[in-house]
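Coordinate analysis (summary)
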Amino acid sequence: MSRPHKAPQYNTACIECMKIHPSSNISGLQREAEDRIARNTRNIDHERSFMNLFIHGQDESGNPIVNHEKPDRSLEDRIYGRINDVGAKVRRDRQETSVERGHNTKESVVCEGMILQVSHAWTMELLKQDDMLDENGQIRKDRQLPTDGKVYSMFMEMYKFVCDRFGAKNIVGACIHLDEYTPHMHVFAVPITMKDKRYAGKALTDEDGNTIVRGVLDAKNIFSPTTIKQLWPDIAEHLKDYGVSNADEFIGFIRGILSQDHDLEQIYFDSFLKIACL
């Protein structure tokens, strides 16, 4: 029996996770998350899209590299680039019976798509403190998000959280959307582990003769239901300096296996609407 959806508390943080397989419509996910091109645009205020931010990894000091420029490589290239960097193997087998049910049980999970946000009311309160709301209480369209403000700083802490949890090199994409009802962050993480006793950590020679340390795709453990559930209180604790608290009863996170057999954009929007309580 499914658990009824509950609205988040006033200052709750939440994370939505989605599995991405080799057969998933990765280009469709990129169109919505990074290019802002989707068949269903009812949630996007394109007059505010210029405010969206992209994070291009970290500098030598570990600080996020942030600007308004979209990545110059496709999301798919970035995902498989990271996989190839560590020589990880990708299973591409699919069982037709599973595909018909909407599951790709034999395929590797090559990436986990995450949406991180704080409840709408609290985000708007922080934006108000940053002088980012107009006289009608809506997000202003005449300025950028101040880099010395609370909301910008909070999103940077979210990014540092996922880098620390999943490894900075495994984060192949991150962007902040300020052109929707509730500002939020998208993160794409490749579930690589270097601790697998069978393969990971062992030397491997690539096609060019370079020696690399081998890794393994291990979404089963890195993004297990238990692990994902623990993300909620952990990120709330990480963001406590921004007034965010943990709500144990808000456990309605959504896990979707996205494949090319589904309308990816519709799944993406519907799941976000549910998580944002719109």
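See the structure above.
The following refers to the structure shown. (Residues numbered from 1 in each chain as written. Predicted model: local features only at pLDDT ≥ 70, side-chain atom pairs only at ≥ 80, totals over all residues. Heavy atoms only, no water.)

1. Quick look at the overall build of the protein chain
Scanning the protein chain for helices and strands turns up eight helices and eleven strands. The proportion of buried residues among the 278 residues of the protein chain is 51%. Long-range contacts, defined as pairs at least 24 residues apart, comprise 70% of the intrachain contacts of the protein chain with a sequence gap of at least 6. Just so you have it, the protein chain exposes about 13,800 Å², and 45% of that area is on carbon and sulfur atoms. (Helix = DSSP H or I, 4+ residues; strand = E, 2+ residues; numbered from the N terminus. Buried < 20%, exposed > 50% of the residue type's maximum accessible area, 1.4 Å probe, protein only. Contact = heavy atoms within 4.5 Å. Areas by Shrake-Rupley, 256 points an atom, 1.4 Å probe, with all protein chains shown as cover.)

2. Topic: helix 5 (residues 150-166)
For helix 5, which comprises 17 residues, the first-to-last C-alpha distance of 24 Å matches the rise-based estimate of 24 Å (1.5 Å per residue) to within 8%. All of the buried residues along helix 5 are Val151, Tyr152, Met154, Phe155, Met156, Met158, Tyr159, Phe161, Val162, Cys163 and Phe166. Following helix 5 by one or two positions, Gly167 has its phi on the positive side, about 95°. (Expected span 1.5 Å × (residues − 1).)

3. Quick notes on helix 1 (residues 26-33)
Of all eight residues making up helix 1, six are buried, and the element is well covered by its neighbours. Among the residues of helix 1, those classed as buried are Ile26, Gly28, Leu29, Gln30, Glu32 and Ala33.

4. A look at the packing of aromatic side chains
Under the defined criterion, the tally for this structure stands at one aromatic pair. Each ring, one from Phe166 and one from Phe223, has its centre 4.7 Å from the other, and the planes form 25°; the classification is stacked. Note that Phe166 is positioned in helix 5 and Phe223 in the loop between helix 6 (219-222) and helix 7 (225-238), a separation of 57 residues in sequence. As far as the burial class goes, Phe166 and Phe223 line up, both buried. (Phe/Tyr/Trp six-rings, centres within 6.5 Å; stacked < 30°, edge-to-face > 60°.)

5. Let's talk about the packing of helix 5 against helix 7
Interaxial distance between helix 5 and helix 7 falls to 10 Å at its minimum, and their mutual angle equals 130°. Between helix 5 and helix 7, the interaxial angle falls into the category oblique. For the pair helix 5 and helix 7, the crossing hand works out as right-handed. The segment helix 5 lies against helix 7, with Glu157, Met158, Phe161, Arg165 and Phe166 engaging Leu231, Asp234, Ile235 and His238. (Axes fitted to C-alpha atoms, helices over the stretch in contact; angles between N-to-C directions. Parallel < 35°, antiparallel > 145°, perpendicular 65-115°, else oblique. Left-handed = near helix turned anticlockwise from the far one by under 90°.)

6. Considerations on the side chain of His186
Relative to the elements of secondary structure, His186 occurs in strand 6 (residues 184-189). Separated by 3.0 Å, the side chains of His186 and His184 make a polar contact. (Polar contact = N/O pair within 3.5 Å; in protein donor to acceptor, adjacent residues only side chain to side chain.)

7. Considering the environment of Ser24
Of note, Ser24 is situated in the loop between strand 1 (13-20) and helix 1. For Ser24, a relative accessible area of 10% puts it in the buried group. Measuring from C-alpha to C-alpha, the distance between Ser24 and Val109 comes to 9.7 Å, with 85 residues separating the pair along the chain.

8. A short note on unusual backbone geometry
The phi torsion at Asp131 lies on the positive side, around 60°, for a residue other than glycine. Examined against the element boundaries, Asp131 turns out to sit in the loop between helix 4 (120-129) and helix 5. A relative accessible area of 42% means that Asp131 is categorised as partly exposed.

Limitation: the analysis is restricted to geometry and does not speak to function.
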